[in-house]
Amino acid sequence: MRFNIVTGGFEEVGSHAHKPAVIGSDRVLTWAQLQVEAEALAARITRLNLPLGEPVLIRGHKEADMVAAICACISLNRPYVPLDVVVPLERVRRIRSATGASLLIDHSPEAPADLAPITWSRAGESRSDQPMLSGLVPHRPHDPIRYIIFTSGSTGEPKGVRITREAAEAFLQWMTNDFGFTADDVFVNQAPFSFDLSVYELFTSLHMGATLLLNDAETAKDAPRFLERVRAFGGSVWVSTPTFAYLYLTDPGFTGALVPSIRNFLFCGEALPKATVQRLLERFPQARVLNTYGPTEATVATTLIDVSLDVLARYADMPVGFPKRDSVIRCTTPDGAIATKDAPGEIEIVGKHVSIGYLNNDALNAEKFFEADGWRGFRTGDYGWFQDGILFFTGRRDEQVKLNGFRIELGDIAACMLTAPGVADAIAVPLKSGDAVKRIVAFARPVPGTDESALIIALREHMQRGLPAYMVPADLMLVDAFPVNSSHKTDRQALIKMYLTRGRE
Ligand code: AMP
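The model shown is predicted, which means the values in this text are computed figures rather than measured ones.

Draft legend 1. The overall build of the chain, seen in detail. Scanning the chain from N- to C-terminus turns up 14 helices and 27 strands. The C-alpha radius of gyration computed for the chain amounts to 23 Å, which stays within 12% of the reference 23 Å derived for 505 residues, consistent with globular compactness. Taking all 505 residues of the chain together, 57% fall into the buried category. Put simply, of all contacts in the chain between residues at least 6 apart along the chain, 64% involve residues at least 24 apart. For the chain, the exposed area adds up to about 21,000 Å²; of that, 53% sits on carbon and sulfur atoms. Taking the average location of the 52 positive side-chain charges in the chain and that of its 59 negative ones, the two points are 1 Å from each other.

Draft legend 2. Fine view of the pairing of strand β6 (residues 80–84). When you tally the buried positions in β6, you get five out of five residues, the bulk of the element. Where burial is concerned, the two faces of β6 agree: the one with Tyr80, Pro82 and Asp84 and the one with Val81 and Leu83 are both buried. In the sheet, strand β5 (residues 56–60) pairs with β6 via five bridges, with the strands oriented parallel. Note on β6: the bridge partner recorded for Ile58 is Pro82. At this point the chain moves from β5, through helix α2 (residues 64–75), to the parallel β6, and the crossover so formed is right-handed.

Draft legend 3. Spotlight on the site of the ligand. Every one of the 17 residues lining the ligand counts as a neighbour, but Thr292, Thr296, Asp382, Lys402 and Arg407 are closest to it. Within the side chain of Asp196, an N or O atom sits 3.4 Å from an oxygen atom of the ligand. A distance of 2.7 Å separates a nitrogen atom of the ligand from a polar backbone atom of Thr292. Burial of the ligand by the protein chains amounts to 97% of its free accessible area of 500 Å². Every element with two or more residues in the shell around the ligand is listed here: β15 (288–293) and β22 (390–396). Top element by residues in the shell around the ligand is β15. It accounts for three residues.

Conventions adopted
- Residues numbered from 1 in each chain as written.
- Predicted model: local features only at pLDDT ≥ 70, side-chain atom pairs only at ≥ 80, totals over all residues.
- Heavy atoms only, no water.
- Helix = DSSP H or I, 4+ residues; strand = E, 2+ residues; numbered from the N terminus.
- Rg over C-alpha atoms; globule rule 2.2 N^0.38 Å.
- Buried < 20%, exposed > 50% of the residue type's maximum accessible area, 1.4 Å probe, protein only.
- Contact = heavy atoms within 4.5 Å.
- Areas by Shrake-Rupley, 256 points an atom, 1.4 Å probe, with all protein chains shown as cover.
- Lys, Arg positive; Asp, Glu negative; His and termini not counted.
- Charge placed at Lys NZ, Arg CZ, Asp CG, Glu CD.
- Pairing = 2+ DSSP bridges.
- Right-handed = clockwise from strand over helix to strand, strands pointing away.
- Near = heavy atom within 4 Å.
- Polar contact = N/O pair within 3.5 Å; in protein donor to acceptor, adjacent residues only side chain to side chain.

What follows is the structure in structure tokens.
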């Protein structure tokens, strides 16, 4: 059996109705059970008679029922918005008003009732269900939105990336043809559903009729428990950020002998260090290491390369891969020359898998999205160049950073700080080791006369309420004034210097 993401229906391909479809953090759903749950939920959603195309919010943390809810929405051609519990409620409220969603399906232990007019909490109990309406036929417009994933926005408003059925189909064609995965694979999940890396294992395992192994944050932090789970369920495709695998590699026991079922490490979302690949290939001689690259705006990823020892030896830099067949990647310098390592250019992605744009954000859509030969294109803000037909990535042109694979706009953090009482000015600065961001430090200039010790505590709490945990700066420093450089901009290097030498004068 499988769940066809494109048609939105369950199909009997080779059967296996009793094979696990989803191993959630709470329980296991076989393919037959997943179908029953998803179809019951779809019928229930249909009876609500929600306006056509209105998204449904799905909140929780790796519960098997989250996947049933996702299948239900897809089967109704209704967009879903995945919200992991890592997204604080204040942000969920803003996302809810941006989407206009009236239904929240909440699988978390505490489902706040005020989040949406209709909230179905984890037990499936209806709190304020609307009257039942019958006889509804789900409308199937031309290219319905499959999901809307919200990413950090530089102005402080999260950006809703809309991915349609056509984009998902292009992505899945690539996944089923070029990655060598099969229905026998067990996909090991690490990322929260609100991060598009998770679409790799979620959509691929459903579409191929494989098995999805979900892992909650507590398990992922506990290496012996996590690895025992992977071993016990025969995890064969490890999908994570490179940072996550790197942390596991610090334990010398993390080897192919311990978890022999692993045949693939699939990475995306941030730079993959050569040392991580080298160690993985040494310790897991039976496994492939796949590096992929791409933004959420182009459905998970656009390039792929199997990083063998040979590839490692041939290139000084880590390649991010060959573009998928039905896409075009353009990489030119501002004066129109072909980008090179010494003169990289902005990476532009063109193809069916590109998003139709951010939700309700015409200005940004006009800036970032374009049309090329009837196809959709996206300006990534990443710099890169090609060598031997392979793309190499070399950094960004703006203030977007990656911390442990999570995408963060530094302006998003500053915007949150500026809404706290007593803050006159604020900035978030990344502390790097080489090109990798190690932590984010926040700097704030207090309104004169503010009690500084009280402000530090209040500001921390304010950020915890307003930002996902991974975006909350590791440290916070109050300053009397922001230093400026010769271009009359805030001098971030000077701020970092002040931070690193504080208390030493
Ligand atoms: P996200 O939308 O969260 O997937 O983040 C996309 C961004 O992560 C890209 O625009 C790049 O800046 C970065 N990124 C993704 N994959 C890679 C990779 N393999 N190597 C380096 N950076 C990457």
